[in-house]
Amino acid sequence: MNGGLPPYYFRVKENGALVFRVDTENRQRRLDLDHIATVNVNNGQVKAQGERELTNADRAAIDDWTVARREELARRDVDDIRRAVDHLNLTAHWAQSRATEEQLDAVTDRLLLAMHDLRTVLMRKRADRLQER
């Protein structure tokens, strides 16, 4: 009767999600979202809404979603970094081929500081990894 809807809906927010139970079995035969909990992906904390007691099924769905969300965010982090490398390459090409003196003056110091900071962090992390081996 629910048209293939999942039993739970997770409204993503910056550090987790609001968890809703999807209800289509009501007198009006309309879709209701019952807010049952809030989950924090960073620390794994789950807070039931109000005086509500979460069922084992609720907990299992929230735990499964949290694991999947953490994996998705980790994949996005790596993808964002790969895109940043592409942007650095595009920036180098822009600076070499199309940038005007005024444009270069506007961004050079910020770019150099950011690249220096990144290089310092990467080199320190590499040295730490080599020392651990």
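Residues numbered from 1 in each chain as written. Predicted model: local features only at pLDDT ≥ 70, side-chain atom pairs only at ≥ 80, totals over all residues. Heavy atoms only, no water.

Novice: Describe the packing of aromatic side chains, listing the residues and the values that go with them.
Specialist: Throughout the structure, instances matching the rule amount to 2 aromatic pairs. Relative to W65, the ring of F10 has its centre 4.8 Å away and its plane inclined at 5°; by these criteria the two rings are stacked. Of this pair, F10 sits in strand β1 (residues 8–13) while W65 sits in helix α1 (residues 56–97), placing them 55 residues apart in sequence. Residue classification places F10 among the buried residues on the basis of a relative accessible area of 15%. Look at W65 and you get buried, because its relative accessible area is 16%. (Phe/Tyr/Trp six-rings, centres within 6.5 Å; stacked < 30°, edge-to-face > 60°. Helix = DSSP H or I, 4+ residues; strand = E, 2+ residues; numbered from the N terminus. Buried < 20%, exposed > 50% of the residue type's maximum accessible area, 1.4 Å probe, protein only.)

Novice: Lay out α1 in plain terms, naming residues and giving numbers.
Specialist: Between the first and last C-alpha of α1 there are 61 Å, a value that for 42 residues agrees with the 62 Å anticipated at 1.5 Å per step. Those residues of α1 lying buried are D58, A61, I62, W65, T66 and R69. Buried residues in α1 make contact with β1, β2 (16–23), β3 (32–40) and β4 (46–48). (Expected span 1.5 Å × (residues − 1). Contact = heavy atoms within 4.5 Å.)

Novice: Please give an account of the nonpolar core that cites residues and values.
Specialist: F10, V19, A37, V39 and I62 are the most contacted members of the largest nonpolar core, which totals 13 residues. Every element with two or more residues in this core is listed here: β1, β2, β3 and α1. (Core = buried A, V, L, I, M, F, W, Y, C linked by side-chain atoms within 4.5 Å.)

Novice: Go over a negative patch on the surface, please, and point to the residues and values.
Specialist: Taken together, the side chains of E101, E102, D105 and D109 make up a negatively charged region of the molecular surface. With respect to the helices, strands and loops of the structure, D105 is situated in helix α2 (residues 101–132). Overall, D105 belongs to the exposed group, its relative accessible area being 64%. (Patch = residues over 30% accessible without salt bridge, like charges linked within 9 Å, V, L, I, M, F, W, Y side chains within 5 Å. Areas by Shrake-Rupley, 256 points an atom, 1.4 Å probe, with all protein chains shown as cover. Salt bridge = Lys/Arg side-chain N within 4 Å of Asp/Glu carboxyl O. Lys, Arg positive; Asp, Glu negative; His and termini not counted. Charge placed at Lys NZ, Arg CZ, Asp CG, Glu CD.)

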